[in-house]
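Coordinates in review
Chain by chain, the residues run as shown.
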2 protein chains.
Amino acid sequence: MQVSKLGIASLLCLAGAAMAQSDEPLQPIEPAKVTNQALVDLGAKLFFDPRLSRSGFISCNSCHNLSMGGSDNLKSSIGDRWQQGPINSPTVLNSSLNLAQFWDGRAADLRAQAGGPIANPMEMAFSHELAVDMLQSIPGYVNEFKAVFGDDKLSIDEVTTAIAAFEETLVTPNSRFDKWLKGDKKAITEDELKGYQLFKESGCIACHNGPNVGGNSFQRMGLIEPYQTDNPAEGRFAVTGDDADRFNFKVPTLRNVELTYPYFHDGAADTLSQAVDTMGRLQLGKKFTEEENGLIVGFLKTLTGDQPSFVLPQLPPSSDKTVRPNPFN
Amino acid sequence: MQVSKLGIASLLCLAGAAMAQSDEPLQPIEPAKVTNQALVDLGAKLFFDPRLSRSGFISCNSCHNLSMGGSDNLKSSIGDRWQQGPINSPTVLNSSLNLAQFWDGRAADLRAQAGGPIANPMEMAFSHELAVDMLQSIPGYVNEFKAVFGDDKLSIDEVTTAIAAFEETLVTPNSRFDKWLKGDKKAITEDELKGYQLFKESGCIACHNGPNVGGNSFQRMGLIEPYQTDNPAEGRFAVTGDDADRFNFKVPTLRNVELTYPYFHDGAADTLSQAVDTMGRLQLGKKFTEEENGLIVGFLKTLTGDQPSFVLPQLPPSSDKTVRPNPFN
Ligand code: HEC
Ligand code: HEC
Ligand code: HEC
Ligand code: HEC
Ligand SMILES: [Ca+2]
Ligand SMILES: [Ca+2]
Ligand SMILES: [Ca+2]
Ligand SMILES: [Mg+2]
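Residues numbered from 1 in each chain as written. Chains lettered and ligands numbered in written order. Predicted model: local features only at pLDDT ≥ 70, side-chain atom pairs only at ≥ 80, totals over all residues. Heavy atoms only, no water.

The next thing to look at is the overall build of chain A. In terms of helices and strands, chain A carries 12 helices and 4 strands. Taken over C-alpha atoms, the radius of gyration comes to 21 Å for chain A, in line with the 20 Å a tight globule of 329 residues would show. If you line up chain A on its principal axes, its C-alpha atoms span 65 × 45 × 30 Å. Within chain A, the fraction of its 329 residues that count as buried is 57%. Partitioning the contacts of chain A with sequence separation of at least 6, the portion at a separation of at least 24 is 69%. For chain A, the computed accessible surface area is about 14100 Å², with 54% contributed by carbon and sulfur atoms. Side chains of chain A give 29 positive and 40 negative charges; the mean places of these two sets differ by 1 Å. (Helix = DSSP H or I, 4+ residues; strand = E, 2+ residues; numbered from the N terminus. Rg over C-alpha atoms; globule rule 2.2 N^0.38 Å. Buried < 20%, exposed > 50% of the residue type's maximum accessible area, 1.4 Å probe, protein only. Contact = heavy atoms within 4.5 Å. Areas by Shrake-Rupley, 256 points an atom, 1.4 Å probe, with all protein chains shown as cover. Lys, Arg positive; Asp, Glu negative; His and termini not counted. Charge placed at Lys NZ, Arg CZ, Asp CG, Glu CD.)

So, about the packing of aromatic side chains. Here the structure, examined in full by the defined rule, presents 32 aromatic pairs over all chains. When the centroid spacing of 5.5 Å and the interplanar angle of 25° are considered together, the rings of Phe-177 of chain A and Trp-180 of chain A count as stacked. Taken together, the residues span about one helical turn, with Phe-177 of chain A and Trp-180 of chain A both in helix 8 (residues 176–181) at a distance of 3 residues. Accessibility classification places Phe-177 of chain A together with Trp-180 of chain A in one group, the buried group. With 4.7 Å between their ring centres and 70° between their planes, Phe-177 of chain B and Tyr-196 of chain B make a pair best called edge-to-face. Here the residue Phe-177 of chain B occupies a position in helix 8 (residues 176–181), and Tyr-196 of chain B occupies one in helix 9 (residues 190–202), the gap between them amounting to 19 residues. By relative accessible area, which is 0% here, Phe-177 of chain B ends up buried. (Phe/Tyr/Trp six-rings, centres within 6.5 Å; stacked < 30°, edge-to-face > 60°.)

With that settled, the discussion passes to the coordination of the iron atom of ligand 4. For the iron atom of ligand 4, the full set of protein donor atoms is His-208 of chain B (NE2) and Met-279 of chain B (SD), and the range of their distances to it is 2.1 to 2.3 Å. Among the residues examined, His-208 of chain B registers a relative accessible area of 9% and is labelled buried. (Donors = N, O, S within 2.8 Å, 3.2 Å for Na, K, Ca; no water.)

All names here are of chain B. By nearness alone, 26 residues border ligand 4, and Cys-204, Cys-207, His-208, His-265 and Met-279 come closest of all. A distance of 2.8 Å separates an oxygen atom of ligand 4 from a polar atom in the backbone of Phe-264. Side-chain polar atom of His-265 to an oxygen atom of ligand 4: 2.6 Å apart, as the coordinates give it. Element by element, the count of residues in the shell around ligand 4 is highest for helix 11 (residues 272–284), at 6 residues. (Near = heavy atom within 4 Å. Polar contact = N/O pair within 3.5 Å; in protein donor to acceptor, adjacent residues only side chain to side chain.)

On to the relation of the copies chain B and chain A. Superposition record for chain B on chain A: RMSD 0.0 Å, screw rotation 180°, translation along axis 0.0 Å. Both copies of the chain, as the preceding transformation shows, are related through a two-fold rotation axis. Residue Val-311 of chain B of chain B places its C-alpha closer to the rotation axis than any other residue of that unit, at 2.0 Å. Take the interface residues of chain B: 100% of them recur as interface residues in chain A, which is what a same-surface contact looks like. (Least-squares fit on C-alpha atoms with pLDDT ≥ 70 in both.)

Residue and element names in this part refer to chain B. Not every one of the 29 residues close to ligand 3 is listed here, only the nearest: Cys-60, Cys-63, His-64, Phe-102 and Lys-250. Note that an oxygen atom of ligand 3 is positioned 2.6 Å from one of the backbone N or O atoms of Phe-102. Elements with a minimum of two residues in the shell around ligand 3: helix 3 (60–63), strand 1 (78–79), helix 4 (110–119) and helix 7 (156–168). When residues of the shell around ligand 3 are assigned to their parent elements, the largest contribution, 5 residues, is made by helix 4. In the shell around ligand 3, the residues fall into 15 nonpolar, 10 polar and 4 charged. (Nonpolar A, V, L, I, M, F, W, Y, C, P; charged D, E, K, R; others polar.)

Next up on the list: the environment of Asn-120 of chain A. Residue and element names in this part refer to chain A. Along the chain, the position of Asn-120 falls in the loop between helix 4 (110–119) and helix 5 (128–136). The exposure class assigned to Asn-120 is partly exposed, which follows from its relative accessible area of 26%. Along the backbone, Asn-120 and Lys-301 are 181 residues apart, and their C-alpha atoms lie at a distance of 34 Å. Side-chain polar atoms of Asn-120 contact the backbone nitrogen of Met-122, separated by 2.8 Å.

Here we come to the nonpolar core. Core analysis: the biggest nonpolar cluster contains 84 residues, and Leu-46, Leu-66 and Leu-135 of chain A together with Leu-46, Leu-66 and Leu-135 of chain B have the highest contact counts within it. The contact partners of Leu-66 of chain A, leaving out residues within four places of it in the chain, are Phe-47, Phe-48, Asn-61, Val-92, Leu-93, Phe-166, Leu-170 and Phe-310 of chain A together with Leu-312 and Gln-314 of chain B. Counting 36 residues, the second-largest nonpolar core is a separate cluster that includes Ile-188, Ala-269, Leu-272 and Leu-282 of chain B. (Core = buried A, V, L, I, M, F, W, Y, C linked by side-chain atoms within 4.5 Å.)

Our next topic: the confidence of the model for chain A. Summarising the model, chain A shows a mean pLDDT of 94, and 93% of its residues fall at 70 or more. Across residues 13–21 of chain A, where pLDDT falls below 50, the model places 7 contacts with residues more than four positions away in sequence or in other chains. (pLDDT = per-residue confidence, 0-100.)

The next thing to look at is the UniProt feature "binding site: heme c 1" (unreviewed entry) in chain A. Residues and elements named next belong to chain A. UniProt feature "binding site: heme c 1" (unreviewed entry): in the numbering of this structure it lies at Cys-60, Cys-63 and His-64. For Cys-60, the position within the fold is in helix 3 (residues 60–63). Within the secondary structure layout, Cys-63 lies in helix 3. For Cys-63, a relative accessible area of 14% puts it in the buried group. The residues touching Cys-63, leaving out its near neighbours within four places in the chain, are Gly-70, Ser-71, Asp-72, Ser-77, Ile-78 and Ser-89. (UniProt positions renumbered as here; feature names shortened; annotations may be inferred.)

With that settled, the discussion passes to the interface of chain B and chain A. Of the residues lining the interface, 46 residues belong to chain B; the matching set on chain A comes to 46 residues. In this assembly, chain B and chain A are joined by 16 residue pairs in polar contact (both at pLDDT 80 or more). Breaking the side of chain B that touches chain A down by element, the ones donating at least two residues are strand 1 and strand 2 (83–84) of chain B. Partitioning the side of chain B that touches chain A into residue classes produces 21 nonpolar, 17 polar and 8 charged.

This part covers the environment of Ile-29 of chain B. If you trace the backbone, Ile-29 of chain B turns up in the loop between helix 1 (2–22) and helix 2 (37–47). Along the primary structure Ile-29 of chain B and Thr-172 of chain B are separated by 143 residues, whereas in three dimensions their C-alpha atoms are 7.4 Å apart.

Laid out in structure tokens, this is it:
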């Protein structure tokens, strides 16, 4: 317990260092700068294309629904053949700002991540080879890949590059809190400001800081009091094999957290109020009053930014040569 | 066989009557006129909202994907718990122009139709009551329904009214063929024009006519030669109980038919070329040459119009009171 509290203190120091630059431990995020619109548009199509799955039914957007904050709002996802996923689907919004991808950080970046679900038998249950063959059989895609990458031959690297480029545009600037950070003091209410102060003073900011209000470190879930769960995930330990990393998870971003219920890697907390209560007790040894809890929740809701706004992509049709999916065998 | 050929002859007369008005048996379609944008926007949200299903995973857009021509491009759809649907999912594009909804026409119009899938245990597997309770628990929806319908209390009628209003906007004007119909003689190629002439001369036009190039009558599948299928659907007979209606199906629209593979109520034809071949043989007793088949397919592809173009809807988040879906029990 002593050690843990020391842990928080040193984390707060780190957060303090960030504060020196900006006065605040949280920084606003900026709209994405698109340098290659054709690449982004291609990535958007791929993100929405269920033909990247064995069944022809599941796309990235099935589990990271951009109409709903970039996740599926389920405890754990529904994959190929209605298989139950092992862990809560994190939002893809602002995921480019994270230090690594997945709860355990096993993918270094968005490109490395994007190949995973296509070939994962629990998710899209396809293979990279089948995905590339499928795309290569579709003249509309072949033309677009050619325009973007310069030749007629598609590769899985090009697929993940395009998806990642699209995901990099999925940032959510202009939250009320960001407006406040930028000087518009009326952008949040007095109670929301109190919530922010409580968030800082209580020590939440030790782990949830920086532009993504999290996403920049791995931390123990259940620092002060152990977290009870049936979910077998071991967190960062699965990547490093280091016992010290057992049950360390990437600290989730709190941007748009109002939209990304249920909470925690096992999706066990249905509401933000429950999640804040659990965090207070397990990470800080604090039992918030109902009022305090409400103030923090109020502050967290100011972190909802502009959601990605784009015209629903239109996918190029399959050709006579495209292998038809058969979801039921 | 005599009778059947007489059948086609009299159908051609009917089509001829339509021709008198416009010189051609097909008419161009016009962009939707939106009189109540707020109602349409609400309908778009509902169309994309998977919370209208038991699982929280399946929306109207899952099976009528507006990125893919308004259907799912599967032989038969994937419903709740990955159940295999009984029949091919027809496109929702231009479905407002059809004389009735469903392959057997059992729903009179889009409003009557929209309640069906929500409560169908094979599809969204929810109930009207649970759907209304869910929506009623979400402040963002309550506000929108109030703005549109004038009070705080939601009803399933309001839900289906909004969905139908959105669907009425899903028309696809400006196909190259429509441009040609309107006088732009260069909008289609000479071969495409030949294909159209063959489509008329062969008798396809007897059933596929009017603004929706179909959708305006029920016709026997397998008029000249019986259709072989394992699919147990009996068509219009299921509605009327009249033996004469056995195996009569609503003639599908051929607008955007390039996008709505696979074809027929059982989804048995993977390609347009197969579907045209089957139609020639079974409906008209004609075996097209490869060249003729290609000309007709070429013409059919000129029927692809402007796809619906709108910004991906953003759904209002659930509140703490909203019952969370549990797809796995
Ligand atoms: C069947 C559900 C499902 C599908 C389909 C799916 N994902 Fe995921 N996604 C998840 C889950 C669950 C995780 C968390 C897995 C973990 O951390 O171990 C995840 C993690 C991610 C992350 C990491 C986010 C972060 O901050 O850690 C990104 C990015 C992502 N997915 C993008 C995609 C893309 C791109 C596709 C399509 C190519 C895709 N996903 C398809 C469920 C899905
Ligand atoms: C010592 C680090 C640490 C501290 C301090 C901390 N958190 Fe967390 N927070 C985490 C980690 C790690 C997770 C992910 C845990 C998991 O899912 O198993 C998390 C998850 C959350 C979530 C759920 C996010 C999601 O999308 O699932 C919320 C909300 C949250 N924290 C808010 C807070 C608040 C409010 C405080 C202060 C009362 C706080 N946190 C303090 C590390 C911390
Ligand atoms: C699980 C798949 C699935 C879901 C979800 C689904 N549909 Fe359908 N839809 C179908 C199938 C299959 C048919 C054809 C059924 C029949 O004709 O018997 C159909 C028929 C229709 C038709 C008739 C079109 C025509 O020309 O006959 C419309 C309109 C429609 N659906 C709209 C909707 C709406 C609105 C929703 C959501 C409230 C919805 N569908 C949800 C699969 C689905
Ligand atoms: C006597 C009426 C009739 C005639 C003549 C006819 N059709 Fe059809 N057509 C139908 C019916 C009914 C269906 C739906 C059958 C089913 O799905 O079981 C259909 C389906 C189709 C389909 C598949 C559409 C889809 O979305 O599934 C195509 C393509 C088509 N017809 C083209 C043609 C062509 C080309 C001709 C002329 C060679 C033709 N039809 C002649 C009645 C007719
Ligand atoms: Ca979540
Ligand atoms: Ca009402
Ligand atoms: Ca079809
Ligand atoms: Mg290449």
